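Spelled out from the first residue to the last, the chains are:
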Amino acid sequence: MKRVTALCILGQDDLCWKLYERFKNKIPKECQKIGQYKGGQLNLWLMPDSPELKEAMTFAEEHNMNPRYFSEAFFTPKEAREASFFHLEYVPYPLELEGTDLSDYGTQYTDGCPICGLGKKAVGNVYVDRKFMKKYQMGNLSREYFVSEHVRKLLENSGLTGFHIGPQIKDYKGREMPPYYILEIDSVLPPLSESTWIEPAGLEPCGHPWTLYNRSDLQYEKEKLTNAMDFNCTQEELNNYHTHEIIVSAKARAFFKENKIYARFVPLTIL
């Protein structure tokens, strides 16, 4: 495993290009395809604590380029094959460009903070506009993971543990739509390791962080995974959708691949 740090900078073409040209030959080979200057955005991946990273950070800050920093672990093919758990890093987000969430379509929530909603859970029927659900086998509806009828049947016959199929999703206008279901994750893991780079962004009036941004790979001490099942979720609610991230076993990842269910996985960092 190799850990790499990224400077992400938007715009400022001349300065970005100058920075990229200065360090492009120092980008590790694992990051060559993603460590580049393209379309007004520089993603410059360099080794942690290296002289090059320190120099690039100094340049960016002296020129007020407002860099954002990320850390990522890159695994060898052998390490990835032998990994026991994976972070389900991405599934489609049908509402990503809409600026809406399920409450805008009439879904009711309970148990959350009355001010910011932290910890809230959907109760009763889950509603959405059916037009967003036409082409997905699995996805995330701003906090709630869902699966199609086909995937539901596969999961229920898979023998995988740590989840159950929740309520059927309904169109908010009462129109007919193909059956989709909420995927409820029952197994909640202990807190992430303190070495996971979590960055709070502002505070709500209630004192809760406005958002917890995940700036690195997810990391757990080995003993925290002793009781992990095939499907698990983080205790923390992360990033813009305040989502409990899904952690799956190697067996569950193989299920996704064998059944051609689109999702992106990365090996979980186990300390």
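Bear in mind the structure is a predicted one, so any value in this text is a computation, not a measurement.

(A) The overall build of the protein chain, seen in detail. Tallying secondary structure elements over the protein chain gives 5 helices and 19 strands in all. Rg of the C-alpha trace for the protein chain: 20 Å, near the compact-globule value of 18 Å for 271 residues, within the 12% margin. Taking all 271 residues of the protein chain together, 44% fall into the buried category. Of all intrachain contacts in the protein chain linking residues separated by at least 6 positions in sequence, the fraction that spans at least 24 positions is 65%.

(B) The environment of Val151, seen in detail. Its place among the elements puts Val151 in helix α4 (residues 149-156). Relative accessible area serves as the criterion here: at 1%, Val151 is assigned to the buried category. Distance in space between the C-alpha atoms of Val151 and Phe256 is 9.5 Å, their sequence separation being 105 residues. Dropping the residues within four chain positions of it, Val151 is found in contact with Gln137 and Ile261.

(C) Seen up close, the sheet that holds strand β12 (residues 180-185). Spatially, the 5 strands line up as an open sheet ordered β8-β11-β12-β10-β9, and their pairing is mixed. Only two strands of the sheet have a single neighbouring strand rather than two, namely β8 (126-128) and β9 (138-141). With direction set aside, neighbouring strand axes in the sheet form an average angle of 40 degrees. Where strand β11 (residues 163-171) lies against β12, 4 bridges are found, and the strand directions are antiparallel. By the bridge assignment, Gln168 is partnered in β12 with Tyr181.

(D) Molecular detail of the sheet that holds strand β4 (residues 68-74). One open sheet accounts for 4 strands, arranged β2-β3-β1-β4; its pairing is antiparallel. A strand with exactly one partner marks an edge of an open sheet, and here the two such strands are β2 (37-38) and β4. Summarising the sheet, strand β1 (residues 2-10) and strand β3 (residues 41-46) pair through 6 bridges and their orientation is antiparallel. Among the inter-strand pairings, Ile9 is bridged to a residue of β3, identified as Leu42. On the sheet, helix α1 (residues 13-23) packs against β1, β2 and β3 and is oriented at approximately 25 degrees with respect to β3. Running at roughly 15 degrees to β1, helix α2 (residues 51-62) makes contact with β1, β3 and β4 of the sheet.

(E) The arrangement of helix α5 (residues 250-258) in detail. Those residues of α5 lying buried are Ala252, Phe255 and Phe256. Buried positions in α5, seen along its axis, are confined to an arc of 95 degrees and lie on one side of it. The exposed set on the far side of α5, more than 90 degrees from its buried face, consists of Lys257 and Glu258. Tucked into the core, α5 has its buried residues touching β5 (85-90), β9, α4, β16 (231-238), β17 (243-249) and β18 (264-267). Remark: Lys260 follows α5 within two positions and exhibits a positive phi of approximately 55 degrees.

(F) Seen up close, the packing of aromatic side chains. Evaluated as defined, the whole model comprises 12 aromatic pairs. Seen from their ring centres, Trp17 and Tyr20 are 5.9 Å apart, and the 45 degrees between their planes marks the pair as tilted. Note that Trp17 and Tyr20 are positioned in helix α1 at a spacing of 3 residues, about one turn of the helix. Using a relative accessible area of 44% as the deciding quantity, one classes Trp17 as partly exposed. Grouped by ring-pair contacts, the aromatic residues Phe163, Phe231, Phe255, Phe256 and Phe265 constitute a single cluster. Above the plane of the ring of Tyr109 lies Lys120, whose end atom (NZ or CZ) is 4.4 Å from the centre. The positively charged end of Arg152 is found above the aromatic ring belonging to Tyr181, 5.1 Å away from the centroid.

(G) A look at the pairing of β5. Across 3 bridges, β5 lies against β17 in antiparallel orientation. Bridge pairing in β17 links His87 to Ile247. Sheet analysis places β5 next to β18, joined by 4 bridges and oriented antiparallel. Paired with Tyr90 across the two strands is Arg264, which belongs to β18.

(H) Looking closely at the packing of α1 against α2. Where α1 contacts α2, the axes come no closer than 11 Å and their chain directions differ by 170 degrees. When the axis of α1 is compared with that of α2, the two are roughly antiparallel. You can see that α1 and α2 cross each other, and the crossing is right-handed. Between α1 and α2, the contacting residues are Leu15, Lys18, Leu19, Arg22 and Phe23 on the first element and Glu52, Glu55, Ala56 and Phe59 on the second. Looking at the contact of α1 with α2 residue by residue, the class counts come to 5 nonpolar, no polar and 4 charged.

Thresholds, definitions, all that
Residues numbered from 1 in each chain as written. Predicted model: local features only at pLDDT ≥ 70, side-chain atom pairs only at ≥ 80, totals over all residues. Heavy atoms only, no water. Helix = DSSP H or I, 4+ residues; strand = E, 2+ residues; numbered from the N terminus. Rg over C-alpha atoms; globule rule 2.2 N^0.38 Å. Buried < 20%, exposed > 50% of the residue type's maximum accessible area, 1.4 Å probe, protein only. Contact = heavy atoms within 4.5 Å. Pairing = 2+ DSSP bridges. Axes fitted to C-alpha atoms, helices over the stretch in contact; angles between N-to-C directions. Arc of directions from axis to C-beta. Phe/Tyr/Trp six-rings, centres within 6.5 Å; stacked < 30°, edge-to-face > 60°. Lys NZ or Arg CZ within 6 Å of the ring centre and 35° of its normal. Parallel < 35°, antiparallel > 145°, perpendicular 65-115°, else oblique. Left-handed = near helix turned anticlockwise from the far one by under 90°. Nonpolar A, V, L, I, M, F, W, Y, C, P; charged D, E, K, R; others polar.

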